[in-house]
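Read off the chains here:
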Amino acid sequence: MTEQEWENFFGAARRWWGTDLTSYKRTHLDRRLTTFMVQEGLTDVPALMARGQNDPEFWERVHSYLTIHVSEFFRDAPYWQAWTQAILQRPDVPLKFWSAGASWGAEPVTLAVLMNAAGRSCEILATDSDVAILREAKTMEYGQEVMSQIPMQYRQYFERIGPDRWRLISSIGRHIRFMRHHLLSDPYPSGFHGILCRNVLIYFEPSARWTVAQKLAQALLPQGYLWLGATETLLEWRGLGLRVVGPSLFQKIANPIAER
Ligand SMILES: C[S@@+](CC[C@H](N)C(=O)[O-])C[C@H]1O[C@@H](n2cnc3c(N)ncnc32)[C@H](O)[C@@H]1O
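Residues numbered from 1 in each chain as written. Predicted model: local features only at pLDDT ≥ 70, side-chain atom pairs only at ≥ 80, totals over all residues. Heavy atoms only, no water.

A. Structural context of the packing of aromatic side chains. Using the criterion set out here, one finds 21 aromatic pairs in the structure. Ring geometry for Trp16 versus Trp59: centroids 6.2 Å apart, planes at 20°, classification stacked. Placement of Trp16 in helix α1 (residues 3-17) and of Trp59 in helix α4 (residues 56-66) is noted, with a sequence separation of 43 residues between them. Given a relative accessible area of 32%, Trp16 falls into the partly exposed group. (Phe/Tyr/Trp six-rings, centres within 6.5 Å; stacked < 30°, edge-to-face > 60°. Helix = DSSP H or I, 4+ residues; strand = E, 2+ residues; numbered from the N terminus. Buried < 20%, exposed > 50% of the residue type's maximum accessible area, 1.4 Å probe, protein only.)

B. Representation of the nonpolar core within the structure. In this structure, Phe9 and Trp98 are the most contacted members of the largest nonpolar core, which totals 46 residues. Put simply, the parts of the chain that give this core at least two residues each are α1, α2 (26-40), α3 (45-51), α4, β1 (95-100), β7 (192-197), α10 (206-219) and β8 (220-228). Here this core spans two domains, and each of domain 1 (3-66) and domain 2 (77-252) adds at least three residues to it. In this structure Trp98 touches Leu125, Thr127, His181, Leu183, Tyr188, Pro189, Phe192, Gly194, Ile195, Leu196, Leu216 and Ala219, once residues within four positions along its chain are discounted. The next biggest cluster of nonpolar side chains, apart from the first, holds 40 residues, and it includes Ala102, Trp104, Ile150 and Phe158. (Core = buried A, V, L, I, M, F, W, Y, C linked by side-chain atoms within 4.5 Å. Domains from an automatic or database assignment. Contact = heavy atoms within 4.5 Å.)

C. Representation of helix α6 (residues 106-117) within the structure. With 12 residues, α6 should reach 16 Å at 1.5 Å per residue; the first-to-last C-alpha distance of 16 Å fits that figure. Most of α6 is tucked away, with 10 of its 12 residues classed as buried. Buried within α6 we find Ala106, Glu107, Pro108, Val109, Thr110, Leu111, Ala112, Val113, Leu114 and Met115. Two residues or fewer past α6, Gly119 is found with a positive phi of approximately 75°. (Expected span 1.5 Å × (residues − 1).)

D. Representation of the site of the ligand within the structure. Near the ligand you find 22 residues, and of these Tyr24, Ser71, Arg75, Asp128 and Asn199 are the closest. The side chain of Glu107 places a nitrogen or oxygen atom 2.9 Å from a nitrogen atom of the ligand. Interatomic distance of 2.9 Å between a backbone N/O atom of Arg198 and a nitrogen atom of the ligand. In terms of residue class, the shell around the ligand is built from 8 nonpolar, 9 polar and 5 charged. (Near = heavy atom within 4 Å. Polar contact = N/O pair within 3.5 Å; in protein donor to acceptor, adjacent residues only side chain to side chain. Nonpolar A, V, L, I, M, F, W, Y, C, P; charged D, E, K, R; others polar.)

E. Focus on α2. Its 15 residues place the ends of α2 21 Å apart at the C-alpha level, agreeing with the 21 Å of an ideal helix rising 1.5 Å per residue. All of the buried residues along α2 are His28, Leu29, Leu33, Phe36 and Met37. Projection of α2 onto a plane perpendicular to its axis shows the buried side chains occupying an angular sector of 145°, all on one side. Across from the buried face of α2, at angles greater than 90 degrees, the exposed residues are Thr27, Arg31, Val38 and Gln39. (Arc of directions from axis to C-beta.)

F. Spatial organisation of the sheet that holds β7. A sheet is described by the order of its strands in space; here 7 strands give the open sequence β6-β2-β1-β7-β8-β10-β9, paired in mixed fashion. Bordering the open sheet on either side are β6 (176-180) and β9 (242-246), each of which pairs with just one other strand. Here the average twist between neighbouring strands, direction ignored, is 20°. Sheet topology places β1 next to strand β2 (residues 122-128); 6 bridges connect them, and they run parallel. When the sheet's bridge partners are listed, Trp98 is paired in β2 with Leu125. (Pairing = 2+ DSSP bridges. Axes fitted to C-alpha atoms, helices over the stretch in contact; angles between N-to-C directions.)

This is the structure:
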């Protein structure tokens, strides 16, 4: 893609989604956009721009395709164990969580199930920038294939609603609130005991990654936890007022001056 084509595409992103895509890694955008154009039979960026003229539904599909939605229930199981052990030490009622970049909802639902199984009440805010994936997440309904990711002892939290269809029971589902939130452009909520932001920062350029990590750290209560994806590192964690307490697990320092 030429520099001018990037400019045109970034301009369309600002117009249609209010999003500054320059904060995303270009290699990632290039790969996804090229595959999307091939699938749609579009030869180049000018063809893409022409196809998208006055078509919000088309741009919603482009946005959805650019963002990768891979997720699964109990993804990185050993990490969940370390994480729940840490968070369950807190006496707070209810525990307040934010799943940022929640995709189709496997992450907040796993968390809600684990907290319920541990007898702890919780409130979970689950956000994503992609409205299409949020629509799917909000149903809290799942097919047989993804249900197989759920260990047997937790199947009781899902009710069968069709031959191959399951739904999270409402007594758990009502503690999860799905909302659109863009990590690069929206104001941040705050007051969380734990924030999960897994496999999202990897798509951002280093400076955007730093800004987002800083805002996530600010959104935590003192001694709250930030959980990143298994393959993600946060080399700058010291400057964020965090300490490493486990694999991909950080804790906000209650009194940063005392710990210097
Ligand atoms: C690979 S999925 C990760 C899902 C889940 N956190 C996990 O680890 O299983 C990345 C998600 O981040 C979302 N995302 C990408 N950029 C975002 C942004 N700027 N703000 C909020 N969500 C974003 C995507 O729409 C996608 O659903």
